[in-house]
Amino acid sequence: STGTIGKRLANIQVENTEENRRKYRQLLFTSDPSIGNHLGGCILFEETLYQKADDGTPFVELLKSRGIIPGIKVDKGLAILPGTNEEPTTQGLDGLGERCKKYYDAGARFAKWRSVIKIGDGRPSELAIQSNAVGLARYATICQENGLVPIVEPEVLCDGEHSLETCQIVSEKVLAAVYKACSDHHLYLEGSLLKPNMVTPGNSCPKLATPEQVAEATVVTLQRTVPVSVVGVTFLSGGQSEQKATANLNAINAYQGTKPWALTFSYGRALQASVLKAWEGKNENVKAAQDTLLFRSRANSLAALGKYTGEENASSASESLFVANHVY
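Here is a short report on the structure shown in this document. (Residues numbered from 1 in each chain as written. Predicted model: local features only at pLDDT ≥ 70, side-chain atom pairs only at ≥ 80, totals over all residues. Heavy atoms only, no water.)

Attention now moves to the nonpolar core. In this structure, Tyr139 and Leu222 are the most contacted members of the largest nonpolar core, which totals 80 residues. In terms of residue count, the dominant contributor to this core is helix 7 (residues 164–184) (8 residues). In this structure, Leu222 is in contact with Leu175, Leu194, Val233, Phe235, Trp261 and Leu263, ignoring residues within four places of it in sequence. (Core = buried A, V, L, I, M, F, W, Y, C linked by side-chain atoms within 4.5 Å. Buried < 20%, exposed > 50% of the residue type's maximum accessible area, 1.4 Å probe, protein only. Helix = DSSP H or I, 4+ residues; strand = E, 2+ residues; numbered from the N terminus. Contact = heavy atoms within 4.5 Å.)

Their axes nearest at 9 Å, the elements helix 7 and helix 8 (residues 211–225) cross at an angle of 25°. Between helix 7 and helix 8, the angle is such that the two are roughly parallel. Where helix 7 crosses over helix 8, the handedness of that crossing is right-handed. Contacts between helix 7 and helix 8 involve Leu164, Gln168, Ser171, Glu172, Leu175, Ala176 and Tyr179 on the former and, on the latter, Gln213, Ala217, Val220, Thr221, Leu222, Arg224 and Thr225. By residue class, the composition of the contact of helix 7 with helix 8 is 7 nonpolar, 5 polar and 2 charged. (Axes fitted to C-alpha atoms, helices over the stretch in contact; angles between N-to-C directions. Parallel < 35°, antiparallel > 145°, perpendicular 65-115°, else oblique. Left-handed = near helix turned anticlockwise from the far one by under 90°. Nonpolar A, V, L, I, M, F, W, Y, C, P; charged D, E, K, R; others polar.)

Here we take up the packing of aromatic side chains. According to the stated counting rule, one finds 4 aromatic pairs in the structure shown. Judged by centre distance (5.1 Å) and plane angle (75°), the ring pair of Phe29 and Phe59 falls under edge-to-face. One end of the pair, Phe29, is in helix 2 (residues 18–29); the other, Phe59, is in helix 4 (residues 59–65), and 30 residues separate them in sequence. In this pair, the class of Phe29 matches that of Phe59, namely buried. Aromatic side chains Phe265 and Tyr267 sit 5.5 Å apart centroid to centroid with 50° between the ring planes, which places their arrangement in the tilted category. Neither residue differs from the other here; Phe265 and Tyr267 are each classed as buried. One Lys or Arg, Arg109, reaches over the ring of Tyr104 and ends 3.7 Å from the middle of that ring. (Phe/Tyr/Trp six-rings, centres within 6.5 Å; stacked < 30°, edge-to-face > 60°. Lys NZ or Arg CZ within 6 Å of the ring centre and 35° of its normal.)

Before going further, it helps to examine the pattern of salt bridges. Using the criterion set out here, one finds 16 salt bridges in the structure. Across the pair Asp54 and Arg22 runs a salt bridge whose closest N-O atoms are separated by 2.6 Å. Of this pair, Asp54 sits in the loop between helix 3 (46–49) and helix 4 while Arg22 sits in helix 2, and the two are 32 residues apart along the sequence. Taking relative accessible area as the criterion, Arg22 reaches 12% and is therefore assigned buried. A salt bridge links Asp75 to Lys73; the shortest N-O distance between them is 3.2 Å. Judged by relative accessible area, Lys73 falls into the buried class, the value being 10%. Through salt bridges that share partners, Glu19, Arg22 and Asp54 make up one connected network. (Salt bridge = Lys/Arg side-chain N within 4 Å of Asp/Glu carboxyl O.)

And the structure:
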């Protein structure tokens, strides 16, 4: 979104103007065509869906020429759910059908909607869980009625001191509620994707977890809650460093257990943080930034196959990307 990219640009001292946003997105979308071997889709903001490259080529066409399917963020952000302890709900159901039709005509073929669940201080409440589950199910059904594949994104935030075990308990409860709501709303599961958090300790938890522990907790959580008919699980990075998000994804795919879904990635910060640092808003750095994007995309593509073996000399990729109460 405009606000989120503004924060990213501020980190490299670049002004948040429409032209600078377009230039950065152009950098991404004009990367070497081989990037399509590693990325299958790209979630756009409404502004981006209609932008063009310097030569007049629509960004949507640039993506399609690389074999990357354009998608669109359709929610309208978070608001506090009345009657709760500062627990969020997601806005945007009003007029969603009309927006989906418009986005489909502009070239989008899938959509995403983010709901957020907090842990700590008595949270999550049953009210917050059910409200967000129903909202996700309604959004997903509306998308399918208008030709878009919905990505269902119930994010359990990593803010807090909670343990790996607590995150697993909450994640299981949330996913169970989401798929009950999807059933109630007659969602065609084979035409949908799930974008969950990995099961990790809270960002302030003193007890860290290894990639193998994250993998076991995450896969078991999915086994207990996600129907086999859901074709793919595209994990969010949730403020993990680039390297940690890749290492954890690799461990999940290397885990020896029943995994009937494709287990892959849908990363924002963990795919672009080092790209932004390489670019710094300078034209002469575009190629270096594109090479960085290709490197990170390939690393995560390998992790989605359980074939990632680590990387050397990637200090910026090991930096935490955690943002408290992350909104976009």
